[in-house]
Amino acid sequence: MTTLPRQAREQPPVVAQSVERIEQAKEFLRLLMAAIKDLRLYPKGHPRVDEATDLVETAIRDILAPAPDIRFDVWEDAVFVNKELVEEDSVYLRQFSGLCLERKIGSVSFRRGIDRAELVEVVQILGLEPEEIIALGGAPDALKEAGVRHVRIGPPRVWQAPASGSVERAAEQVYYWAVQTFVEMTFEVERYGQLDILRARFVVESLQEMLLRGAREITRLAAMGGHDEESARHPVNVCLLTLLAVFGVELDARQRSNLGLAALVHDIGKVNIPADLRYKVDPLAPGEEAIRQRHVVEGAYLLRSLSGWDSIPMAAAFEHHARFDLSGYPKLSFKERPHPYSRLVAIADFYDTTTASRDRVRRVLRPEQAMVVIQGLSGTWFDPPMAALFTHALGPYPMGSVVELDSGDVAVVYQANLAEPTRPWVKVVRDRQGQALEPTSLDLARSPTHRIVRGVDPGRYGIDVAMHL
Ligand SMILES: [Fe+2]
Ligand SMILES: [Fe+2]
């Protein structure tokens, strides 16, 4: 196992909670929302307001008697108590998540020691209109100003792109933050046996945000190579490639998020495979191969707590090696095909695995070769519509391909062209004799006299692809 960064060791565990504690937390939220409503209807000091505050106070004291704090997180319409999803759809939970989202609140933590005066302030501040909170400098500042010391409000945990600075820089920050967060999440799973789904969703959401802001810039990082399937870059890349494939497809936010999550955690079960087998470079013995293949079962087991529609990531973890014609593993005798999301994740997984390499010069398959292979396996290993979706999004010469032009010059593809997939943007880096040139950008869509003849091996020309992306 690689050495983990310091922050990873400091991550708090995801503690399994009793049903009773979740019920207490839900009741507290119900009373809190009732108190906020009463304070909007009646003036401060009204008996009805006092009564509602009494109930909130009793509820939070009961919760904080056995534990020093409690934390509520909000993601879209879902509420989490100490990182555990509250599996219930009720009016007051929706009101609480809606209130938080409108006020740019991602989490609210209550600490032991909170007194009544602080609770009154919290009820009042949370009940303000979003514009009023903004005028006070945001909810955290408003609480601080009111002298509240035992309640902490956190921002939505989607990565916040800096207002200034280049898109390239922002993409780099998001990408490496996502990789680092995945390393930390993996550490938590290894140590505590539980995956922090909420955190994983934040990673997906942040990558999606960055794709919207600068698709080229963020996918460039996935195309750099220099990693392998055991690196934390692999799940982040598979997530990015999957989201990229459905970029123009009509999906609602929840579907997109679940698909991204399925891609991000598809190999999470590997944490339970012995490290010597995970990192073994030599060919595996049949018995060892069977152990490594168990990661699909281990992954599904780790994701078992997700239920209903959200159980799709569990299906993808289980099925991403099953193949469209079910010739892979595990054997799915009980169904005709893997879930559609599993079929798309399988293609993104194949692409990243085969094109990535620790060695930046030589890869197992070059990007354009991987595209040909994916099309060739369409109908057997891969679902034809999904393969079409993926190959269309990346183009026949995906970013990072090295190509020979009809002039004999050699160029690196650095941006796809969805309108004319065979005419991407390239950087010409070698002349027809193979001599290095000062890299020159060329938009092939606007250069009708140039066209790509074929893909070539960058190793033959000593081209470090990552340098030109
Ligand atoms: Fe896998
Ligand atoms: Fe994988």
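Residues numbered from 1 in each chain as written. Chains lettered and ligands numbered in written order. Predicted model: local features only at pLDDT ≥ 70, side-chain atom pairs only at ≥ 80, totals over all residues.

1. So, the overall build of the protein
Put simply, the rule is: In this text, helices come from DSSP runs of H or I with a minimum length of four residues, and strands from runs of E with a minimum of two, each type numbered from the N-terminal end. Think of it as a crowd count around each C-beta: if 20 or more other C-beta atoms lie within 10 Å the residue is buried, if 12 or fewer it is exposed, and in between it is partly exposed, with C-beta placed from the backbone throughout. A residue pair is marked as a contact if its C-beta atoms, positioned from the backbone, fall within 7 Å.
Helix and strand content of the protein: 19 helices and 10 strands. Overall, the C-alpha framework of the protein stretches about 85 × 50 × 40 Å when taken along its three principal axes. Taken over 469 residues, the protein has a buried fraction of 40%. At a minimum sequence separation of 6, the contacts of the protein that also span at least 24 residues come to 66%.

2. Concerning the pairing of strand β7 (residues 410-415)
Cut-off, in case you're wondering: Here the rule is simple: two strands pair whenever DSSP picks up at least two bridges between them.
The buried fraction of β7 amounts to 5 of the 6 residues, a majority that puts the element mostly inside the structure. Note that strand β6 (residues 402-405) and β7 share 3 bridges and pair antiparallel. If you follow V402 over to β7, its bridge partner there is V412. Taken together, β6 and the strand that follows it, β7, pair antiparallel across an intervening segment of 4 residues, in which G408 is found at a positive phi of about 95°. Of the pairings in the sheet, the one linking β7 to strand β8 (residues 425-430) comprises 5 bridges and is antiparallel in character. Within the sheet, the bridge partner assigned to A411 lies in β8 and is V428.

3. Some words on the sheet that holds strand β4 (residues 107-111)
Strand order in the open sheet formed by 5 strands is β3-β2-β1-β4-β5, and the pairing between neighbours is antiparallel. Looking along the sheet, the strands with just one partner apiece sit at the ends: β3 (84-85) and β5 (151-154). Taken together, the 4 bridges between β4 and β5 define a ladder with antiparallel strand orientation. Across the sheet, S109 pairs through a bridge with R152, a residue of β5.

4. Section: the domain arrangement of the protein
Here is the rule: Just so you know, the domain bounds were taken from an automatic or database domain assignment. Classes in brief: Ala, Val, Leu, Ile, Met, Phe, Trp, Tyr, Cys and Pro nonpolar; Asp, Glu, Lys and Arg charged; the others, Gly included, polar.
Per the domain assignment, the segments of the protein are domain 1 (16-154), domain 2 (167-394) and domain 3 (402-468). Spacing between the C-alpha centres of domain 2 and domain 3 amounts to 29 Å. Facing the 11 residues of domain 2 at the interface are 9 residues of domain 3. For the side of domain 2 that touches domain 3, a count of residues per class yields 3 nonpolar, 3 polar and 5 charged.

5. Let's talk about helix α17 (residues 367-376)
As a reminder of what qualifies: Note that the arc is defined by the directions from the helix axis to the C-beta atoms.
Along α17, the positions that sit buried rather than exposed are P367, E368, A370, M371 and I374. Projection of α17 onto a plane perpendicular to its axis shows the buried side chains occupying an angular sector of 155°, all on one side. Taken together, the buried residues of α17 touch α16 (340-355), α18 (384-394) and β10 (452-455).

6. Description of the nonpolar core
We apply this condition: For this entry, the nonpolar core is defined as buried Ala, Val, Leu, Ile, Met, Phe, Trp, Tyr and Cys residues connected by C-beta atoms within 7 Å.
Counting 86 residues, the largest nonpolar core has L207, I218, I347, A348 and F390 as its most contacted members. Here this core takes 12 residues from helix α9 (residues 197-222), the largest share from any one element. Looking at this core, you find at least three residues from each of domain 2 (167-394) and domain 3 (402-468). Ignoring any residue separated from it by four or fewer positions in sequence, one finds F390 in contact with A245, L344, I347, A348 and I374.

7. Observations regarding the packing of helix α11 (residues 253-264) against helix α15 (residues 312-319)
Going by this rule: Lines fitted to the C-alpha atoms define the axes, with helices restricted to the stretch that makes contact. Angles between their N-to-C directions range from 0 to 180 degrees. Here is the rule for handedness: rotate from the far helix to the near one, and if that takes an anticlockwise turn smaller than a right angle the crossing is left-handed, while a clockwise turn gives right-handed.
The interhelical angle for the contact between α11 and α15, taken along N-to-C directions, is 35°, at an axis separation of 8 Å. As α11 runs across α15, the sense of the crossing is right-handed. Residues N258, L261 and A262 of α11 form the contact with α15, whose participating residues are I312, P313 and A316. Residue composition of the contact of α11 with α15, grouped by class: 5 nonpolar, 1 polar and no charged.

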